[in-house]
Amino acid sequence: MRKYLSVIVFLCVIFGFTIGSAVVPSKKFSEMEKRNLQQKPKVSVSSVVKGSYQKKYEKYLSDQFFLRDKWVNIYAQLEKNTGKKEINNVYIGKDDYLIEKYSERDFDDELQKMNVKNLALFLDACSEELGKSNVTCMFVPSKIDVLRNKLSVLEEDYDGSKIVERVRSKVKNKDRVVNLADVLKKRSNEYIYYRSDHHWTTLGAYYAYQEYEKLNGRTAPALKEYKQKVVFDDFLGTTYSKSHVPVKKDEVTTFSRGDEKVSINGNNGEFTSNSFYFEDVAKKSSDRYQLFFSKNTGKIEVTTSAKNNKVLLVLKDSYANCFIPFLSNEYSKIIMIDCRYTKMKMKQIFRQYPEITNVLVMYNIEKFRKDTHISSLQMSLEELKAARTKTNDKDKKDKDSEEDIFSGLVSLD
């Protein structure tokens, strides 16, 4: 009787999940994995003959399997319980930290050489035109370079910071190229990176702000002067999505001194706000990091209440999003450009904003090494000078032709 009961239970499970997969509507997007799911493919003679239909249908069955998310989590938990230290290129670290694994094999050396060359030429041109003390480049390390204390195993001795030295070797003003690993390693026991996401926390960004102020001859307000507000305490980010290893959920915190008055204009009016923080947008998404400026986008103008006529151009990736609010009292205007989401070239930007007085380049090291859009920084000193002296008629023409400049893409980076 027990033998028959086992068979009956087995058949019920198999048929139950089959029926469940067939009855439950297909999901288009997995919030847990941060990716689009395969939909049921359309059958045709050519797709069957080529084999593409079979491959897509197999992927469809896998993606739409009944209660798939729960089974993926159960599998990841079993992997962790067996003592596995790495799942899907994510290290399972101590204290619930999930740390992306990197290898030199992940990067194209020719692309890196071009990125270093283009960035160095851009920094040198800006330093010559705007003044050496007004141009800064800050590289943000990934967790693997800072939180070695959270790792019990490291398959190879990876060091992302070498790329910073390559940039320094190419620029004239080496002291303004900053490797923030030196700053953050001293704080590795603090909550400076999210456990489940690749980004740094607002606290990590604050320590970078301290370094930025020190570099510019200023002193950052003490940490105790900021009111810290935990906006979300349920964040599970990108490294969780890659590994599915259950970890303690992250907190997303804002820092405020109470005197930040700003006006936000994204992509020439596509979205506006009077706050750095987009709580409603982040609440509707599983990506709580969207709290900071809502998304990665081509251009964001920040107008502050500062009356010093200092205008900062920030060339950045998503790591800068929680850093920028610290600068609200330092510049009267901040122009944020993400080269991945705009077709604008540097010549166009300086032509449109000849009032720029300062430049900050802020990139995560690994994102910079892989970015295929750094070529948009190409600009000689002569081109920069010419861009800043164009006539108003030319400026107007450039602004009028910006309709298709912004991609409007939302990145999960």
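What you see is a predicted model, and the numbers here were worked out from it, not measured in a lab.

**Q** Would you explain the overall build of the protein in this entry?
**A** For the protein, the count of helices and strands is 15 helices and 15 strands. Looking at the protein as a whole, 51% of its 413 residues are labelled buried. Within the protein, residue pairs in contact and separated by at least 24 positions form 72% of the contacts whose partners lie at least 6 positions apart. A total accessible area of about 20500 Å² is found for the protein, and carbon and sulfur atoms account for 52% of it.

**Q** Sorry if this is basic, but what is going on with the layout of surface pockets here?
**A** A probe matching the size of a water molecule, rolled over the atoms, marks out where space remains unfilled. Volume-wise, the largest pocket comes out at about 350 Å³. Looking at the largest pocket, it is lined by 17 residues, and the ones nearest its centre are Glu100, Tyr102, Lys242, Lys367 and Lys370. Sorting elements by how many residues they give to the lining of the largest pocket places helix 13 (residues 365–370) first, with three residues. When grouped by side-chain class, the residues that make up the lining of the largest pocket number two nonpolar, three polar and 12 charged. By volume, the second largest pocket is sized at about 290 Å³. Looking at the second largest pocket, it is lined by 14 residues, and the ones nearest its centre are Lys229, Thr254, Ser256, Ser275 and Tyr277. Among the secondary structure elements, those contributing two or more residues to the lining of the second largest pocket are strand 8 (227–235) and strand 9 (250–256). Ranked by residue count, the leading element in the lining of the second largest pocket is strand 8, at four residues. For the lining of the second largest pocket, the per-class residue count stands at five nonpolar, five polar and four charged.

What counts, and at which threshold
Residues numbered from 1 in each chain as written. Predicted model: local features only at pLDDT ≥ 70, side-chain atom pairs only at ≥ 80, totals over all residues. Heavy atoms only, no water. Helix = DSSP H or I, 4+ residues; strand = E, 2+ residues; numbered from the N terminus. Buried < 20%, exposed > 50% of the residue type's maximum accessible area, 1.4 Å probe, protein only. Contact = heavy atoms within 4.5 Å. Areas by Shrake-Rupley, 256 points an atom, 1.4 Å probe, with all protein chains shown as cover. 1 Å grid on protein atoms, 1.4 Å probe; cavity = no way out; pocket = protein on both sides within 12 Å on 5 of 7 lines; lining within 4 Å. Points joined across faces, edges and corners; volume = space filled by probe spheres on them. Nonpolar A, V, L, I, M, F, W, Y, C, P; charged D, E, K, R; others polar.

Nothing here speaks to function; it is all geometry.
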